[in-house]
Amino acid sequence: MSITHQPLFRNLDGARKVLLAGAGGGFDVFCGLPLYFALVDRGVQVQLANLSFSALRPTPDERLDPVSARVTADSRGASSYFPERALCEWFRARGQEVDIVCFERTGVAPLKESYRRLVEAEGFDTLVLVDGGTDSLMGGDEAGLGTPQEDVASLLSASAVDLERKLLVCVGFGVDRYHGVCHAQFLEAVAALSRQGAFLGATSLLPSMSEVQRYIDACDFVFDRMPDHVSIVNSSIVSAIEGAYGDVHRTDRTAGSRLWINPLMSLMWSFHLDPVADRILYRDLVAPTRTFMELTLYIEGYRKGVKIRPWEDIPV
């Protein structure tokens, strides 16, 4: 390997049909757009997907299975919050019809089955999970887990899929501190994965990149459509890409909080997926869960019975 060849893209060489899915719900699929554009520009067929917070009201032809549906620019749903539909509208405004597979919030077992059905039905050869933030690397005993339910359900579901090429990409280092994530412990997890050969490096998203310019344009378009629900994660990432630093607020939603916008937020941290899923200490406990509430309660129960590691500052 040479420093002139990014390990992330070397691992994607040979991919012909990719499922690119947001792991943590909400706007996570947007964090995968720079990679989506890079792959499509290469001639790769890419299906966007997302674990959705939207109130989905699919028509019979949009429903794929009990917990997933195919969303388009014409899909029905709430007018105030439907980022997946708004993203489809952005594509349509540029002459492209792109749909997004949306998974409803469930326990691990139904989501795992939905992933399996989709991969088998569509014949994907590669799966890339994208996390807006870095809490997907929390194993379970860290000082804080962020919002683990969606990430864990997505990770365990993706890990169970029978594909050779499965990757996890995290974007937005630092944004999870609001939810109690200790980023020193994230870096410790990266080091552990590096020792396993599972860390594929960090790739900068730069404002001069055409893929990044399209990502920012898509974010601005959707934020204009949903002014009351601007993505804090993606607006922070965009601020970092644009060179902002410190307590910079791109949206009124963060008013009253102190931000640390920094260049590390605009890095794509990439990993082989299965070793990340293997780090989840409570994976066997939550594997049979069927509802989101059940998944939440099982994680809370695990945390009550395990010794929580203390907070660690990043020494500077």
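Below you will find a few notes about this structure. Just so we're clear, the structure is a prediction, and the values are computed from it rather than from any experiment.

Within this structure, the stated rule accounts for 15 aromatic pairs. Between Phe37 and Phe91 the ring centres are 6.3 Å apart and the planes differ by 50 degrees, which places this aromatic pair in the tilted class. Here Phe37, found in helix α3 (residues 33-41), pairs with Phe91, found in helix α4 (residues 83-93); they are 54 residues apart in sequence, far enough to count as distant. Residue Phe37 shares its accessibility class with Phe91, and that shared class is buried. Ring geometry for Phe186 versus Trp269: centroids 5.2 Å apart, planes at 85 degrees, classification edge-to-face. Taken as a pair, Phe186 in helix α7 (residues 183-195) and Trp269 in strand β9 (residues 267-272) lie far apart in primary sequence, 83 residues in all.

Note on sheets: strands pair through backbone hydrogen bonds, and any given pair is parallel or antiparallel. In spatial order, the strands read β3-β4-β5-β2-β1-β6-β7-β9-β8; together these nine strands make up an open sheet with mixed pairing. At either end of the open sheet lies a strand with only one pairing partner, and these are β3 (63-65) and β8 (199-204). Averaged over all pairs of adjacent strands, the angle between strand axes in this sheet comes to 25 degrees, irrespective of strand direction. Strand direction decides the pairing type here: strand β4 (residues 68-71) and strand β5 (residues 100-103), joined by four bridges, are antiparallel. The residue of β5 that forms the bridge with Val71 is Ile100.

So, about the environment of Tyr81. The topology assignment puts Tyr81 in the loop between β4 and α4. Of the residues examined, Tyr81 reaches a relative accessible area of 18% and is grouped as buried. For Tyr81 and Arg225, which are 144 residues apart along the polypeptide, the C-alpha to C-alpha distance reads 9.0 Å. Sequence-distant contacts of Tyr81, that is, excluding residues within four places in its chain, are made with Gly26, Phe27, Phe53, Ser54, Met226 and His229.

A few words on the environment of Thr291. For Thr291, the position within the fold is in the loop between α11 (283-286) and α12 (292-304). Sequence spacing of Thr291 and Leu87 is 204 residues, and the spatial spacing of their C-alpha atoms is 27 Å.

Turning to the pairing of β4, a few remarks are in order. In β4, alternate side chains face the same way, and those of Ser68 and Arg70 on one face and Ala69 and Val71 on the other are all buried. Remark: two residues form the turn of the hairpin made by β3 and β4, two consecutive strands paired antiparallel.

So, about the nonpolar core. Core analysis: the biggest nonpolar cluster contains 53 residues, and Leu33, Leu48 and Leu87 have the highest contact counts within it. It is helix α8 (residues 210-225) that contributes the most residues to this core, eight residues altogether. One finds Phe103, Val108, Leu155 and Ala189 within the second-largest nonpolar core, a separate group that totals 46 residues.

Conventions and cut-offs
- Residues numbered from 1 in each chain as written.
- Predicted model: local features only at pLDDT ≥ 70, side-chain atom pairs only at ≥ 80, totals over all residues.
- Heavy atoms only, no water.
- Phe/Tyr/Trp six-rings, centres within 6.5 Å; stacked < 30°, edge-to-face > 60°.
- Helix = DSSP H or I, 4+ residues; strand = E, 2+ residues; numbered from the N terminus.
- Buried < 20%, exposed > 50% of the residue type's maximum accessible area, 1.4 Å probe, protein only.
- Pairing = 2+ DSSP bridges.
- Axes fitted to C-alpha atoms, helices over the stretch in contact; angles between N-to-C directions.
- Contact = heavy atoms within 4.5 Å.
- Core = buried A, V, L, I, M, F, W, Y, C linked by side-chain atoms within 4.5 Å.

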